[in-house]
Amino acid sequence: MAVATSHYLILSAILFSIGVAGVLTRRNAIVIFMCIELMLNAVNLAFVAFARHLGQADGQVFVFFVMAVAAAEVAVGLAIIIAVFRNRETVDVAEVNLLKW
Amino acid sequence: METAVFYVLATIAVASAVLLVLFRNPVYSALSLVATLFAVAGLFVLLNAYFLAAVQIIVYAGAVMVLFLFVIMLLNLGHSEALESTVGRYRLTGVIFLCALLVAQLTAVGTRQLRGPVAENEALRTENVQTLGKLLYTDFLFPFEVASIILLVALIGVVVLVKRETPETT
């Protein structure tokens, strides 16, 4: 017996919320990035669940594109973190406040 | 059987996601994120998305997490004095926002009729890779090419960002 689609969506919602909580509470920039990856994965799970629910492959193709964009985003983000660390010797987002008014 | 596997994988995913947020050492956070990614890959298999399960493990758990661990160790963040206090003054805001978001999401899921029968698509299950490949090179050909350009631009951007400024040598 197949698991109902709503179960997958609830799991996806829980994972997404944990990711949001991590982004809001953590101050280490790298952990914040990992939480963003977690949110992207939660969305991917919802996409695949809907793809099965509707019997169409389009959702799985979209997950493919999300993964491609996420890979690019991680590479650029980590490069920015390295550049910031070189200049300020920290990855604490509370101390990197040059653009704060 | 399938239900039991779903609940085991869901528990692993949620537990390691919570640990990801709670661990103070970023290396442990990265490893628990790997556990979450593997659990989600297992859920993809349950959902008959075999190709995506393989890509999830190869790209995310393989390449992306190696990149994370590489940066953590390059910057020596696993070291104790570089550890930050886990939670700042945003804890209360975060928890309230999280609860509100979760309630909103669960309400949205609960009010839709998603408990009905699942639409059967035999090709998607038995010929998963072939179906996706055909779609990628027909209906989604343009986005596919744009994705390749995005990856190229990201590659060049990373090199430019990380390159050290060298004084002009004439």
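Scoring rules and cut-offs
Throughout, a residue's number is its position along its own chain's written sequence, starting from 1. Numbering of ligands from 1 and lettering of chains from A proceed in the order in which they are written. In keeping with the model being predicted, local features are shown solely for residues with a pLDDT of at least 70 and side-chain atom pairs are shown and tallied solely at 80 or more, while totals for entire chains, interfaces and linings include all residues. As a rule here, side-chain values come from all non-hydrogen atoms in the structure, and water together with hydrogens is ignored. Put simply, DSSP H or I for four residues or longer makes a helix, DSSP E for two residues or longer makes a strand, and each gets a number counted from the N terminus. One less than the residue count of a helix, multiplied by 1.5 Å, gives the span that helix is expected to have. A patch consists of residues exposed above 30% relative accessible area that lack any salt bridge, with like charges linked at up to 9 Å and nonpolar side chains (Val, Leu, Ile, Met, Phe, Trp, Tyr) linked at up to 5 Å. Areas reported as accessible are Shrake-Rupley estimates using a 1.4 Å probe. Residue values count occlusion only from the protein chains shown. Criterion for a salt bridge: a side-chain nitrogen of Lys or Arg within 4 Å of a carboxyl oxygen of Asp or Glu. Relative accessible area decides the class of each residue, using a 1.4 Å probe on protein chains only: under 20% of the type maximum gives buried, over 50% gives exposed, and in between gives partly exposed. The pLDDT value tells you how sure the predictor is about a given residue, anywhere from 0 up to 100. To pair, rings of Phe, Tyr and Trp, with the six-membered ring standing in for Trp, must have centres within 6.5 Å; the planes then decide the type, stacked if under 30 degrees apart, edge-to-face if over 60, and tilted in the middle. Among buried residues, the Ala, Val, Leu, Ile, Met, Phe, Trp, Tyr and Cys ones that are joined through side-chain atoms within 4.5 Å form a nonpolar core. In this analysis, two residues are considered to be in contact whenever any of their non-hydrogen atoms come within 4.5 Å of each other. Here the axes come from fitting lines to C-alpha atoms, over the contacting stretch only for helices, and the angles between their N-to-C directions go from 0 to 180 degrees. Roughly parallel means an angle under 35 degrees; roughly antiparallel, over 145; roughly perpendicular, 65 to 115; everything else is oblique. Each helix crossing is assigned a hand: it is left-handed if the near helix lies turned anticlockwise from the far helix by less than a right angle, otherwise right-handed if that turn is clockwise. By the convention adopted, Pro, Cys, Tyr, Trp, Phe, Met, Ile, Leu, Val and Ala count as nonpolar, Lys, Arg, Asp and Glu as charged, and the other residues, Gly among them, as polar.

Points about helix α3 (residues 58–88) of chain A
Then comes step 1: Here α3 of chain A contains 31 residues, and its C-alpha end-to-end distance of 44 Å stays within 8% of the 45 Å for a straight helix at 1.5 Å per residue.
Then comes step 2: Downstream of α3 of chain A by one or two residues, glutamate 89 of chain A has phi in the positive range, about 60°.

Some thoughts on a nonpolar patch on the surface
Then comes step 1: Together, Val69 of chain A together with Phe142, Val146 and Ile150 of chain B make up an exposed nonpolar region whose accessible area comes to about 350 Å².
Then comes step 2: Among the elements that take part in the nonpolar patch, helix α7 (residues 141–162) of chain B stands out by supplying three residues, more than any other.
Then comes step 3: Considering the arrangement of structural elements, one finds valine 146 of chain B in helix α7.
Then comes step 4: On the accessibility criterion, valine 146 of chain B (33% relative accessible area) is partly exposed.

Things to note about the confidence of the model for chain A
Detailed reading of predicted coordinates is not advised where the pLDDT is low.
Then comes step 1: Considering every residue of chain A, the mean pLDDT works out to 87; 98% of them sit at 70 or more.
Then comes step 2: Of all the helices and strands in chain A, helix α1 (residues 5–25) of chain A carries the lowest mean pLDDT, 87, while helix α2 (residues 29–54) of chain A carries the highest, 92.

Quick look at the packing of aromatic side chains
Then comes step 1: Tallying each qualifying case throughout the model produces 10 aromatic pairs over all chains.
Then comes step 2: Taking 6.3 Å as the distance between ring centres and 20° as the angle between the ring planes, the aromatic pair formed by phenylalanine 64 of chain A and phenylalanine 144 of chain B counts as stacked. Here phenylalanine 64 of chain A is found in helix α3, whereas its partner phenylalanine 144 of chain B is found in helix α7 on a different chain.
Then comes step 3: Relative accessible area serves as the criterion here: at 22%, phenylalanine 64 of chain A is assigned to the partly exposed category.
Then comes step 4: These aromatic residues form a ring-pair network of at least three members: Phe47, Phe62, Phe64 and Phe65 of chain A together with Phe51, Tyr137, Phe140 and Phe144 of chain B.

Comments concerning the nonpolar core
Then comes step 1: In terms of nonpolar packing, the biggest core is built from 55 residues, with Tyr8 of chain A together with Phe44 and Phe68 of chain B touching the most fellow members.
Then comes step 2: Secondary structure elements with two or more residues in this core: α1, α2 and α3 of chain A together with α1 (2–22), α2 (26–46) and α3 (50–74) of chain B.
Then comes step 3: Residue contributions to this core peak at 11 residues, all from α2 of chain A.
Then comes step 4: Not counting residues up to four positions away in its chain, the partners in contact with phenylalanine 68 of chain B are Ile30, Phe33, Met34, Glu37, Val74 and Leu78 of chain A.
Then comes step 5: Counting 10 residues, the second largest nonpolar core, distinct from the first, contains Ala57 and Val61 of chain A together with Leu135 and Phe140 of chain B.

A look at the packing of α1 of chain B against α2 of chain B
Residue and element names in this part refer to chain B.
Then comes step 1: It is at 8 Å that the axes of α1 and α2 come closest, and there the two elements cross at 155°. Here α1 lies roughly antiparallel to α2, going by the angle between them. Classified by chirality, the crossing of α2 by α1 is left-handed. Between α1 and α2, the residues in contact are Glu2, Val5, Phe6, Leu9, Ile12, Ala13, Ser16, Ala17, Leu19 and Leu20 and Ser29, Ser32, Leu33, Ala35, Thr36, Ala39, Gly42, Leu43 and Leu46, respectively.
Then comes step 2: The residue makeup of the contact of α1 with α2, split by class, is 13 nonpolar, five polar and one charged.

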